[in-house]
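In case you want the letters, here they are:
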Amino acid sequence: MQRWDFINYLIEKYGYKRYLEIGLEAGHNFSRVKCENKESVDPASNPTHKMTSDEYFDRIAPLQDKWDIVFIDGLHHAEQVARDIKNSLNHFTENGSIVLHDCNPVTELHQRVPRASGHWNGDVWKAVADYRSIGGRCLVVNTDEGLGWIHHSLPSPKPFEVEYTYQALNENRQLYLGLVDSVEKTPDVAE
């Protein structure tokens, strides 16, 4: 399953109409998402809003209707991802979803910040672990580099401490990420 498959699954399941993508790059994902109203934010490439996500949430988002689903795949630094999660939570509908890409790096090299390899997930996993560590309702589907999903009806984990090393991630993937093997194994959430 690719990210657009999961996003389209959620759009269909919940009847979402408004989609925001943070981090457009070449538009491969954006072009495959099937949603009535789609917008994108990226300081590069050719998005709907050519600016950083921080600028977007500060200047544009307060003037718009809330989003049903937000896909976060911008700057792969934990601090930025954490801000994108926080800002998205403030600008999405009551039954909205947030999907994050690159949450489950398979090697230490792929998660290094600054980037040290061609294939790069960044340290997105740290933002996911932080969010879950305070009871954030989030899990990661083990597909397409790890697809994080935030939704109000997912189980809330008990608070835990996060150690920010790749070794700790390897030893605690289930706790840190709420890792599930497939979308079929995600909890049956309320409609």
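The text that follows walks through the structure, step by step, so that each part is easy to find.

Thresholds applied
Residues numbered from 1 in each chain as written. Predicted model: local features only at pLDDT ≥ 70, side-chain atom pairs only at ≥ 80, totals over all residues. Heavy atoms only, no water. Salt bridge = Lys/Arg side-chain N within 4 Å of Asp/Glu carboxyl O. Helix = DSSP H or I, 4+ residues; strand = E, 2+ residues; numbered from the N terminus. Buried < 20%, exposed > 50% of the residue type's maximum accessible area, 1.4 Å probe, protein only. Pairing = 2+ DSSP bridges. Contact = heavy atoms within 4.5 Å. Axes fitted to C-alpha atoms, helices over the stretch in contact; angles between N-to-C directions.

Observations regarding the pattern of salt bridges
Evaluation of the coordinates by the stated rule reveals five salt bridges. Between K17 and E36 there is a salt bridge whose closest N-O contact spans 3.7 Å. Residue K17 is located in the loop between helix 1 (3-14) and strand 1 (18-22), and its partner E36 is located in the loop between strand 1 and strand 2 (37-41); the two are separated by 19 residues in the primary sequence. We classify K17 as partly exposed; its relative accessible area is 42%. The class of E36 is exposed, set by a relative accessible area of 67%. Close ionic contact of E108 with R112 constitutes a salt bridge, the shortest N to O distance being 2.8 Å.

Topic: the sheet that holds strand 5 (residues 138-141)
Taken together, the seven strands give an open sheet; going across it, the order is 2-1-3-4-6-5-7, and neighbouring strands pair in mixed fashion. The open sheet has two edge strands with one neighbour each: strand 2 and strand 7 (179-180). Here strand 1 pairs with strand 2 via five bridges, running parallel. Looking at strand 2, one finds that I22 is bridged to V41. Contacts from helix 1 reach strand 1, strand 3 (67-72), strand 4 (92-100), strand 5 and strand 6 (147-151), with the element oriented near 20° to strand 6.

Note that every value here comes from positions in space, so none of it alone points to a role or purpose.
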